[in-house]
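# Observations on the three-dimensional arrangement
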Amino acid sequence: MIPLETLSWRPRIVAETVTPDIRVPPDIRERMTDRRRDTAGPSRSPSSDASTLVGRDAEMAVVRDVLATACAGFRSTVLVEGEAGIGKSRLVEEALSEMERGGSLVVRGWAREPERDRPFGAIGDALGLRPDSRDPERAALARLLHGDPDAPTAGSLSSQAPELRFRLVEGIVDLVERLAGAAPVALLLEDLHWADDATLLVVEQLARRLKGLPVVVLATLRPAPRGRALDRLVGILLATGATRLEVGGLDPPSATDLVAGLVGAVPGPGLRAQIERAGGNPLYLGELVEALVEEGAMAVTGETADVRAATLPTSLGETVVRRLRFLDDEALDVLSAASVLGTAFSLDDLAVMLDTPATRLLSALREPLRARLVAESGERLAFRHDLVRDALYADLPLTGRRALHLQAARLLAGAGRRPVDVARHFVLGAAQGDAEAIDWLSRAARDAAARSPEVAAQLLQAAVRLAGPDHPRRDVLEAELAAALVWSGSTLDGEARLRAILDRAHAPEIDVPVRLALAQALFHDGRGQAAVEEVERTMELPALEPLQRGRLLAEAALGRLWSGALDQARVHAGNALTAGHLAEDDAAVCSALAVQSWLRQAEGDTSGAIAIAERAVEVAESSRTREASRRPPQLLLGLLLIEGDQLDEAGKAFDAARRIGEDLGTVWDLPAFHWALGLSHFVAGDYDDALAEVEAGLDVSEEVGTRLQMVWAQAIEAHIRIQRDDLHAATAALEAGERELARAGPQAKTDWLLWARALLAEAQGDTEGAHAILRMVWDAYTALGVVSERRALGPDLVRLSLMRGARSEAEAVAGAVQEAAEMIATPGARGAALRCRGLASGDAGLLLDAVRAYRESPRRMELGHACEDAGVALARAGRRDQATALLAEAVDVYEASGARRPAKRAEAALRDLGVRRGKRGARRRPATGWAALTDSEQTAARLAAEGLTNRQIAGRLFVSPRTVETHLSHTFAKLGIGSRVELAATVARQSAGVS
């Protein structure tokens, strides 16, 4: 305990010489008191009196313009940057008060240095995220933020670390969007340089995603300190159109005017000399004038205020401390102790820290409160400006600071405060080897990991430093730190630390968790082969628990499957299924069934594969735990249903998977969800929607750090771009996929990338190269015994073989596709087989049969190709009318998908028949205007114009909010608008038939 009586320091008062005959006029003292009252509180910077903002006309004009833009319905961001005390807050508040008077909603949050390890601290305060909030949405977010029994928690090596953070970010974005639907919203975040990384992430997402809404994010920040995360955010914000306003010192005339307003008289030569020392900093000017007034160093003669000889401190901090000498000793002691708790502090915490009744503290704080050195800030007290707190804190002896922090940590821990609140005091007060401090830092890191892995990493780094090289828990702390770094986005640093632990002697109890953390990080990073090699090494360890063994086998099976090692995947899946049943572990059973279903599909047994996947779904849905749904089997079931030509059922499965993921807050599968929907749209020929899903998936992948199967998404995009005759974009997508493949190593569906590369080569006139690539893929699958891909690759390989004159090869491929079709037993597979046989033999009848088969399938583009092939064959046979009808149908299918390349080819075949289709309207969708919008974009635009939020629109369309954001972003660009107000007007004109 440190009771007040034992506090032995006092603020150091710099020696001064003040002429004793100077007297301060009473009106100046009153004006100074008014100034303290008018500028008190953390939301105001005491740069001048409340009625006048001096020398900031240009800066005010910039801020007002940004706010006016937001009120007009345009998302805006402004960064107000300048040194401490320069008047950033006063400037912003002056403009925001005008916005508030106009009916806008203004919310404010403050980031504070001692609270940088409080996840979502500033943003949570600004939006009022409290469990007792009357707003159910805010209350639900607060429960997630402050502790949800269903949320991932203490598993320090858990792969679910980013999940809760993602749920919070999504929830906050949804909340701001909802608020903006009722009135323009201004979100002010003060001192962004002190903000935690989770708050910075929210600011980034708001700037990226709320396009077209009346939302403005204002942030004040200093040029320094600037961490890597803040530098990155500033770069992103500026790239997305943020306004950067640098606030400098007042020019000499403005500084003089400010002081004249404070003292009510024109500054004389002596006072002007003192003004020059402040460098135009309004806070310093105010504090300097107050010091002169309080020390009797200023006199007013007529209309002139001046000072005589006075030795004053040379820094703002010293000036502030010196001014506090009017307080009694007890008040000074309490303020000094409060500075240890931060810019804002709880009276309860201060009472615990000083072991002093709150009533006595209130008595000691009466004069500081009256002088507005501290003021109420919500449920806490706050120093009038953080520089006041900084000055007091810096004035404490170093040993006193450390002692107070250590005492605060122990007493607050005993009072049941949150681990993160206790831990930061241990960081600043504990000595190396302090077991209690290390334990609290570890506990706080585990508590923060799910909400902010970055905070967890910072706390664990402090714990490792305190532990030193010989501490018995050093290995455990190092392992937890490495995992936190991985999930905070510092993947390479975390991976290096995990490998370093494994490469040296370490505590045996951390071996399996460390290897699993490494494998999961590699797997979600897309490096499936490296991940499975790590898992297989782990399986060789002795004395594995049954549950660990089942989970490891399941991970190995998945890794081998996605890296294309099917035989090994089959063995691991069988063993994982057995081990999972023995350990009664539904998660292992579910993963094993998922792998087995995919292997069954590869063998060509689509119906059998779907049945196994449905069993996996049943296991997950009936499981007593939620672990089995962490990788929702509904996602895999949906992919298999696509293979079975059941696109509607696949959509239902994907929707179920998405809802489960949102409920659990899982993030690893979010990109895969978008890419699966993209595949479904691709198969149906809905190329616009397919590209929208791929784009949304790539954006989410970058955000959550999951790169699994990114190559497949880039291959889908390349296929579409080739069909649309955009070979430049196709090349870019292919090169991106090939770079990812080179980085991550072998993975399933690489064939789609190579298939697209072959089609690009053909489009560029390299038929031989195209054939060589596709033949290589075909032969590789044949060697592996993969049957399912024959349906997709066969028709193009037959075409290319015939173009080379290799009819016997074409016939062999056609026979293999026929064999596969009999096993797969879907209309699409049957159509592919008939098409291949018809092409290889030149039999128009078989090609007509292919058309009929494809009409029973949802595969619209494949129907178009079959119509084109049949039309060309019939034309050769002299059956002109049938040929014309089929070629016209092919053109219609191609144009509906925007597939310009095959459309031009089919139209050329029609011209060879002497058919001119005439003017039928624009065959290529225009680049701008309402006609440029896709069907999905028009639907999303109409719903947005009705006032629905992105999440509500997503629910109507059975897609994710990210997909809606992509549609609306494209819509704004095509229409040349920037707000939903303009969008509503455009939709209204369209509904009225006005262009």
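Structure first, text after, so check above.
On to the packing of aromatic side chains. By the definition in use, this model includes five aromatic pairs. With 5.7 Å between their ring centres and 55 degrees between their planes, Phe345 and Phe383 make a pair best called tilted. Here Phe345, found in strand β9 (residues 344-345), pairs with Phe383, found in strand β11 (residues 380-383); they are 38 residues apart in sequence, far enough to count as distant. Under the relative-accessibility criterion, Phe383 is labelled buried at 1%.

Here we take up the pattern of salt bridges. Tallied over the full model, the rule gives 73 salt bridges. The shortest N-O distance in the salt bridge between Glu170 and Arg951 comes to 3.8 Å. Residue Glu170 is found in helix α6 (residues 161-180), and its partner Arg951 is found in helix α45 (residues 950-957); the two are separated by 781 residues along the sequence. Looking at Arg951, the relative accessible area reads 30%, which means it is partly exposed. The salt bridge partner of Glu534 is Arg537, with a shortest N-O separation of 2.9 Å. Taken together, the positions of Glu534 and Arg537, both in helix α24 (residues 528-539) and three residues apart, correspond to about one turn of that helix.

This part is about the side chain of Glu862. Checked against the element boundaries, Glu862 lands in helix α41 (residues 860-876). Separated by 3.1 Å, the side chains of Glu862 and Arg791 make a polar contact. The contacts of Glu862, once residues within four sequence positions are left out, are Arg791 and Tyr854.

It is worth spelling out the nonpolar core at this point. Core analysis: the largest hydrophobic core is formed by 135 residues, its most contacted members being Val595, Phe654, Leu679, Ile716 and Trp752. Counting residues per element, this core draws most heavily on helix α33 (residues 710-723), which supplies nine residues. Discounting residues that sit within four places of it in the chain, Ile716 has contacts with Trp675, Leu679, Phe682, Val694 and Trp752. If you look at the next biggest cluster of nonpolar residues, it comprises 64 residues, including Val321, Ala337, Ala449 and Leu460.

Glancing now at the packing of helix α35 (residues 750-763) against helix α36 (residues 767-784). Between two packed helices, both the angle of their axes relative to each other and the distance between the axes serve to describe the pair. Taken N-terminus to C-terminus, the directions of α35 and α36 make an angle of 160 degrees; their axes are 7 Å apart at the nearest point. Comparing the axis directions of α35 and α36 gives the class roughly antiparallel. Judged by the sense of rotation from one axis to the other, the crossing of α35 with α36 is left-handed. Across the interface between the two elements, Asp751, Leu754, Trp755, Arg757, Ala758, Ala761 and Glu762 of α35 pack against Ala770, Ile773, Leu774, Met776, Val777 and Tyr781 of α36. Its residues assigned to classes, the contact of α35 with α36 shows ten nonpolar, no polar and three charged.

Our next topic: the side chain of Ser788. Within the secondary structure, Ser788 sits in the loop between α36 and α37 (790-803). Among residues more than four places away in sequence, those in contact with Ser788 are Gln601, Ala602, Gly604 and Ile824.

Quick notes on the rules
Residues numbered from 1 in each chain as written. Predicted model: local features only at pLDDT ≥ 70, side-chain atom pairs only at ≥ 80, totals over all residues. Heavy atoms only, no water. Phe/Tyr/Trp six-rings, centres within 6.5 Å; stacked < 30°, edge-to-face > 60°. Helix = DSSP H or I, 4+ residues; strand = E, 2+ residues; numbered from the N terminus. Buried < 20%, exposed > 50% of the residue type's maximum accessible area, 1.4 Å probe, protein only. Salt bridge = Lys/Arg side-chain N within 4 Å of Asp/Glu carboxyl O. Polar contact = N/O pair within 3.5 Å; in protein donor to acceptor, adjacent residues only side chain to side chain. Contact = heavy atoms within 4.5 Å. Core = buried A, V, L, I, M, F, W, Y, C linked by side-chain atoms within 4.5 Å. Axes fitted to C-alpha atoms, helices over the stretch in contact; angles between N-to-C directions. Parallel < 35°, antiparallel > 145°, perpendicular 65-115°, else oblique. Left-handed = near helix turned anticlockwise from the far one by under 90°. Nonpolar A, V, L, I, M, F, W, Y, C, P; charged D, E, K, R; others polar.

The analysis is restricted to geometry; functional conclusions fall outside its scope.
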